Amino acid sequence: MVNYSDKIREISKRLLKDCKVDMIIGFRKGSVPMMNEPHFARTAEDVDELVWDSNCGINLANYLTDRKEKIGVAAKGCDSRNIVTHILENKIKREQLTIIGVPCKGMIDKRKIAGLVEGEVLEVTEDEEQINVKSSGGKKSFKKTEVLQENCAVCIHRNPVVYDEMVAEPVPEQTDVDRYEDVRKIEEMDPEQRWAYFDDLFKECIRCYACRNACPLCYCPTCFVDEAKPQWVGKSQDPIDIRTFHFLRAYHCAGRCTDCGACQRACPVGINMRMLTKKLEKDCKDLYNWEAGLTLDSRPPLDFYRPDDPEDFIK
Amino acid sequence: MGVEPGRLQFSWISSAESTKFVDVVTKVTEAVKTLGPNQRFVKKEAKVA
Amino acid sequence: MTDFEPKIVAFLCNWCSYGAADLAGVSRMEYPPNIRVIRIPCTGRMSPKFALGALRQGADGVWVSG
């Protein structure tokens with residue numbers, strides 16, 4: 001993953017020079033460590049700012065919605081799946097895109113690292129398997145596999161599913177991970193325990209909607225939380241309002257979510273709202289054998305009727 | 001999320017099946033009755049001083 | 001608990017269950033008075049928002065019928 005930056009710059013320069021694209025969407029270094037920010041490169045000078053490391057957790061498909069220009073976009077496994085979903089939902093045309101595929105070994109969890117070191121994190125560098133952190137309390141090194149984002153640790157689609165160029169050979173996919181251990185734990189709870197579990201999960205929520213804004217699926221012109229007539233959900237921090245918001249947002253993502261982790265990453269108070277989207281992801285897998293964004297050739301289960309769709313819940 | 005499964009029911013009744021309608025209404029009512037009053041997801045009215 | 005009478009919001013499809021309810025009515029059939037019927041043009045009009053909205057406003061149960 002270390003030499004990806006050069007390769008991405010090289011491809012980007014070529015694409016811009018040949019007028020294949022009007023701009024490249026990638027990442028550049030953020031102003032604080034471990035916070036790379038999206039970068040829209042239109043000139044060769046812009047391209048020099050492009051980087052790729054283990055802090056590119058933001059989902060770039062989010063910036064493609066309803067774009068008119070020709071775009072080159074750097075896409076790791078989950079971004080590419082969200083791009084597929086975008087194409088299926090007519091939010092962008094395949095012809096507009098030049099997808100620069102980036103095989104991904106996971107992004108690192110900035111919160112986890114901040115919690116493991118003393119003092120403020122000043123600098124984070126990495127080599128192939130190692131993350132080196134310099135903080136105001138000293139220096140520490142971690143194995144990358146130990147500080148991955150939760151969703152990356154159980155990811156089984158690390159390589160882009162659609163791409164026009166690849167920056168490197170595909171990486172081996174993880175096969176021995178248990179994706180839904182946590183979801184099963186909740187499924188085993190009785191209603192009482194579940195209610196308590198989610199009460200605890202969402203108690204810190206401040207309704208900032210960062211999860212919604214970071215999510216490439218949340219592109220509705222007017223979100224249901226902003227509707228006033230009728231008002232589906234109150235705007236307060238009332239626990240029921242918070243629950244309604246997260247519950248309905250998760251449902252809007254059913255059969256579309258790729259578990260890219262952008263929502264959790266964006267949350268300023270560290271809520272793992274992926275517990276809801278993951279449950280729906282698991283249900284889609286179990287009921288319809290569907291995983292979002294893997295192919296451009298078939299419609300998602302929720303907008304297509306098949307006579308053998310499960311209907312045991314109907315009396 | 002902790003709402004009892006029986007509180008939300010789905011069924012499929014043709015417009016000619018009035019007996020099935022009566023049947024299902026009775027069953028749904030019974031099911032919800034055994035669950036007791038709903039405590040979950042109810043938005044408490046804001047207290048106005 | 002025996003005297004608990006639940007409030008159940010019933011979302012009925014205009015063409016199916018609403019018709020069945022109508023037929024039950026004209027046939028003078030008797031059924032529990034606990035349901036509050038909301039007619040929707042088709043079960044496809046149903047949305048999770050409706051179910052949550054009903055619960056939020058104090059319904060004890062939600063019944064969707066096509």
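About the criteria used
Residues numbered from 1 in each chain as written. Chains lettered and ligands numbered in written order. Predicted model: local features only at pLDDT ≥ 70, side-chain atom pairs only at ≥ 80, totals over all residues. Heavy atoms only, no water. Helix = DSSP H or I, 4+ residues; strand = E, 2+ residues; numbered from the N terminus. Buried < 20%, exposed > 50% of the residue type's maximum accessible area, 1.4 Å probe, protein only. Areas by Shrake-Rupley, 256 points an atom, 1.4 Å probe, with all protein chains shown as cover. Contact = heavy atoms within 4.5 Å. Buried area = accessible area lost by both parts, 1.4 Å probe. Salt bridge = Lys/Arg side-chain N within 4 Å of Asp/Glu carboxyl O. Polar contact = N/O pair within 3.5 Å; in protein donor to acceptor, adjacent residues only side chain to side chain. Nonpolar A, V, L, I, M, F, W, Y, C, P; charged D, E, K, R; others polar. Pairing = 2+ DSSP bridges. Axes fitted to C-alpha atoms, helices over the stretch in contact; angles between N-to-C directions. Right-handed = clockwise from strand over helix to strand, strands pointing away. Domains from an automatic or database assignment. Core = buried A, V, L, I, M, F, W, Y, C linked by side-chain atoms within 4.5 Å.

**Q** What am I meant to see in the overall build of chain B here?
**A** On a plain count of helices and strands, chain B comes out with one helix and one strand. When each of the 49 residues of chain B is scored for burial, the buried share is 41%. If you sum the accessible surface of chain B, you get close to 2800 Å²; carbon and sulfur atoms cover 59% of it.

**Q** Teacher, can you tell me more about the interface of chain B and chain C here?
**A** Frequently, the measure chosen for interface size is the accessible area that the parts lose on association. On the chain C side, the residues contacting the 29 residues of chain B number 33 residues. The junction of chain B with chain C conceals about 2600 Å² of combined surface from both sides, 70% of it contributed by carbon and sulfur atoms. Seen at the junction of chain B and chain C, the total is one salt bridge. Residue Glu5 of chain C pairs with Lys33 of chain B through a salt bridge whose shortest N-O separation is 3.6 Å.

**Q** Sorry, what's going on with the interface of chain A and chain C here?
**A** Contact residues are listed per partner, giving twelve residues for chain A and five residues for chain C. Carbon and sulfur atoms supply 73% of the area that chain A and chain C bury against each other, a total of about 690 Å² over both sides. Between the two partners, chain A and chain C, sit two salt bridges. In this structure, the connection of chain A to chain C is made through three residue pairs in polar contact (both at pLDDT 80 or more). Per-class residue counts for the side of chain A that touches chain C are seven nonpolar, three polar and two charged.

**Q** Would you mind going over the sheet that holds strand S2 (residues 35-40) of chain C with me for this structure?
**A** Strand pairing in a sheet relies on backbone hydrogen bonds, with the paired strands running either antiparallel or parallel. Pairing is parallel in the open sheet, where four strands are placed in the order S1(B)-S3(C)-S1(C)-S2(C). Each end of this open sheet is capped by a strand with a single partner; those strands are strand S1 (8-11) of chain B together with S2 of chain C. Ignoring which end each strand starts from, the neighbouring axes of this sheet average 20° apart. Relative to S2 of chain C, strand S1 (residues 8-13) of chain C runs parallel, the two sharing six bridges. By the bridge assignment, Val9 of chain C is partnered in S2 of chain C with Arg36 of chain C. Packed onto the sheet, helix H1 (residues 17-26) of chain C meets S1, S2 and strand S3 (61-65) of chain C and runs at close to 105° relative to S1 of chain C. Taken strand by strand, helix H2 (residues 48-56) of chain C contacts S1 of chain B together with S1 and S3 of chain C, and its axis lies near 150° from that of S3 of chain C.

**Q** When you look at the pairing of S1 of chain C in this model, what are you seeing that I'm missing?
**A** A regular strand places its side chains on the two faces of the sheet in alternate fashion. Residue and element names in this part refer to chain C. Counting buried residues in S1 gives six out of six residues, a clear majority hidden from the surface. Burial along S1 is two-sided: Ile8, Ala10 and Leu12 and Val9, Phe11 and Cys13, pointing in opposite directions, are all buried. In terms of handedness, the path from S1 via H1 over to S2 forms a crossover that is right-handed.

**Q** Help me understand the domain arrangement of chain A, please; the structure alone is not making it clear to me.
**A** Residues and elements named next belong to chain A. Examined at the domain level, chain A breaks down into domain 1 (1-106 + 155-175) and domain 2 (178-310). Placing the centre of domain 1 and that of domain 2 at their C-alpha centroids yields a distance of 25 Å. Listed per partner, the contact involves 24 residues of domain 1 and 21 residues of domain 2. Broken down residue by residue, the surface that domain 1 buries against domain 2 is led by Asn62, Arg81 and Leu88, which jointly contribute 31%. One can count one salt bridge joining domain 1 with domain 2. Here Glu89 makes a salt bridge to Arg256, at a shortest N to O gap of 2.8 Å. Joining domain 1 to domain 2, the criterion identifies nine residue pairs in polar contact (both at pLDDT 80 or more).

**Q** So what exactly am I meant to see when it comes to the pattern of salt bridges here?
**A** All names here are of chain A. A complete count under the given rule lists 36 salt bridges over all chains for this structure. The closest approach of N and O atoms between Lys134 and Glu123, which form a salt bridge, is 3.6 Å. Placement of Lys134 in strand S7 (residues 130-135) and of Glu123 in strand S6 (residues 121-126) is noted, with a sequence separation of eleven residues between them. The class of Glu123 is partly exposed, set by a relative accessible area of 40%. Put simply, Asp259 and Arg274 hold a salt bridge, and the shortest N to O gap is 2.7 Å. Separated by 15 residues along the polypeptide, Asp259 in the loop between helix H9 (239-252) and helix H10 (262-266) and Arg274 in helix H11 (residues 274-288) bring together distant segments of the chain.

**Q** It is not clear to me how the environment of Leu15 of chain A should be interpreted in this structure. Could you clarify?
**A** Residues and elements named next belong to chain A. Mapped onto the elements of the fold, Leu15 is located in helix H1 (residues 4-17). Assessed through its relative accessible area of 2%, Leu15 is described here as buried. The sequence separation of Leu15 and Gly72 amounts to 57 residues, and the corresponding C-alpha distance is 7.7 Å. Other than its neighbours up to four places away in sequence, Leu15 contacts Lys20, Val21, Ile24, Thr98, Ile100 and Glu165.

**Q** Looking at this structure, I do not really get the nonpolar core. What am I missing?
**A** Side chains that are nonpolar tend, in soluble globular proteins, to be buried together. Judged by nonpolar contacts, the single largest core of 43 residues is most densely connected at Phe202 and Phe224 of chain A together with Phe41 of chain B. The element contributing the most residues to this core is H9 of chain A, with six residues. Phe202 of chain A has contacts with Ile242, His246, Ile271, Met273 and Leu276 of chain A together with Met1 of chain B, leaving out every residue within four places of it along the chain. Within the second largest apolar cluster, 38 residues are counted, among which are Tyr4, Leu16, Cys104 and Val171 of chain A.

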